[in-house]
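One-letter residues, chain by chain:
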Amino acid sequence: MPSATREYRTYPMIGPDWPREASTPRHRQPGLPVTLLIALFIVALAGRFTLDRAGFSIYSGQDLRTPACLGLLGVTLVWHVSQTVRGQVQRWPWFFLIFSALIGVQMLAFLWAPFGARTDKALWDLLTLWILVLVTTALTAGDPQRAARVLLILMLVAGMAYAVAALAAGPQSQGRYSAFGGGPNVFVRVVAMGLIASIALAVLSRRWWLLLPLPLLGAAAVLSGSRGGLVALIGAATIFFVFFARRRASILLGTVLVGGLSAWLVWATVGERFASVAETRYSNAGIQSSDYSTRPELLSAAWSMFLEHPVAGAGLDSFYAAIGFGYPHNYLAAVAAETGLIGLGLLALAVCRWWWDGRPWSAISKEQIGCAVAAIYILLTSMFSGDYFDTRFFWILAVVAVQQPVFRSERRAQKQEVARW
């Protein structure tokens, strides 16, 4: 039998309503380190940022991911240890463990990489990707709903900043728009995530003025000239309506109305700019004269490598060693060519486990649904461009989407303790 002191600390309000009061969670939900989460987002957004892009050409070879990721990892470990000492230990999703296994297999693939592969660069890309997702999992495990909201706000702010900067700078090569030294394919990802965040925050807060950035973000996405980015955005919207939207008819009608109004505003404002980009990127002649014709060749080469090494792939960065091109512009093809069925199996298991960890999706917060849709968008656009490290926002947002709030398990533990009494 516990002592009286123990009884008082566990149940401070003993009385007629003692069972009801005792079932209330005794501990507050662990806090979210917003500053660290903002730093994580900035590091992930910057990507392979070097000082020459900031005007310091003397340090052009310094990759800022090295100090940024290591510093972020160290601070996060200190914070996580302090949370553990306080007894606020959260359960991480199985999805993260399978992701870690996939990264481990990809890193081990350097053992059978062919001559000429840039294994040091590829290993560092995979390691930094794993660090970013590890830090995300640790920081958001205590309060994933609030973390998802913070990330949505950051995505909206970043998307608007990129769009304004691109429109102010004007068209770059081939008439395409981009910002802050990144390519158009990176640019379209940022503005599209901002577009998704704008809709998610408007639905969440019922403040429809948050939809005002849609014309700006939509115009920037089209002006990027990224066909794959726009196709992925349509695909993510389709998946949202099929799997996540509860009232599909009303949401679909609202989307059509808002989208039509936004399209009219965009055309009335920057219609001339659209005409030049459409001629070079979205017409039949533009598609045939652009680098689209090389994509089937890259996919064919990756398929041939997979057939030659079906079990474990040809090795890390073997696509570059064999073809002379950095990556096949398709994440799935890159995994198949370099790690074979082992890598493909782990990737498929990770996606299936992610879906299972989020079930039932009807119980997930709207903030996390927004992150889930954004993660799906990044995964789809990774089928058209980018390498392993360029998938980082898919894994980051996917982890946040399936994190379970810690107060649920605490409430369950309290009820079990009351039942024992």
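Located above this text is the structure these notes cover.
The rules behind these values
Within every chain, residues take consecutive numbers counted from 1 along the sequence as written. Predicted model: local features are reported for residues with pLDDT of at least 70 only, side-chain atom pairs are reported and counted for 80 or more only, and whole-chain, interface and lining totals are derived from all residues. The side-chain figures draw on all heavy atoms in the structure; neither hydrogens nor water molecules are used. Working definition: helices are DSSP H or I runs of at least four residues, strands are E runs of at least two. Numbering for both runs from the N terminus. Only protein chains enter the accessibility calculation, which uses a 1.4 Å probe. A residue is then buried if its area is under 20% of the maximum for its type, exposed if over 50%, and partly exposed in between. Residues adjacent in sequence count toward polar contacts only when both atoms are side-chain atoms; beyond that, a polar contact is any pair of N or O atoms within 3.5 Å, and within protein one must be able to donate a hydrogen and the other to accept it. In what follows, a contact means two residues having at least one pair of non-hydrogen atoms within 4.5 Å. Here, nonpolar core refers to any group of buried Ala, Val, Leu, Ile, Met, Phe, Trp, Tyr and Cys residues whose side-chain atoms link them within 4.5 Å. Here a salt bridge means any side-chain nitrogen of Lys or Arg lying within 4 Å of a carboxyl oxygen belonging to Asp or Glu.

Chemist: How would you sum up the side chain of Ser382? Please name residues and give values.
Modeler: With respect to the secondary-structure elements, Ser382 resides in the loop between helix 16 (366-381) and helix 17 (392-402). Residue Ser382 is classed as buried on the basis of its relative accessible area of 1%. There is a polar contact of 2.7 Å between the side chain of Ser382 and the backbone oxygen of Ile378. Each residue touching Ser382, except ones within four places of it in the same chain, is listed here: Arg189, His329, Asn330, Tyr331 and Thr391.

Chemist: How would you sum up the nonpolar core? Please name residues and give values.
Modeler: Counting 100 residues, the largest nonpolar core has Trp354, Tyr377 and Trp395 as the members making the most contacts within it. Examining the composition of this core, we find that 13 residues originate from one element, helix 8 (residues 184-205), more than from any other. Apart from the residues lying within four places of it in its own chain, the contact partners of Trp354 are Phe95, Trp361, Ala372, Ile376, Ala398, Ala401 and Val402. With eight residues, the next largest nonpolar core counts Leu298, Ala301, Ala302 and Met305 among its residues.

Chemist: Which residues make up the pattern of salt bridges, and what are the values?
Modeler: Across all of its chains, the model carries nine salt bridges by this definition. Between Asp387 and Arg48 there is a salt bridge; the shortest N-O distance is 2.7 Å. Pair noted here: Asp387 is in the loop between helix 16 and helix 17 and Arg48 is in the loop between helix 3 (34-46) and helix 4 (65-85), with a separation of 339 residues, a long-range link. A residue is classified by how much of its surface remains accessible, and Arg48, at 27% relative accessible area, is partly exposed. A salt bridge links Glu367 to Arg149; its shortest N-O distance comes to 2.8 Å. Of the two residues, Glu367 is situated in helix 16 and Arg149 in helix 7 (residues 144-169); the sequence distance between them amounts to 218 residues.

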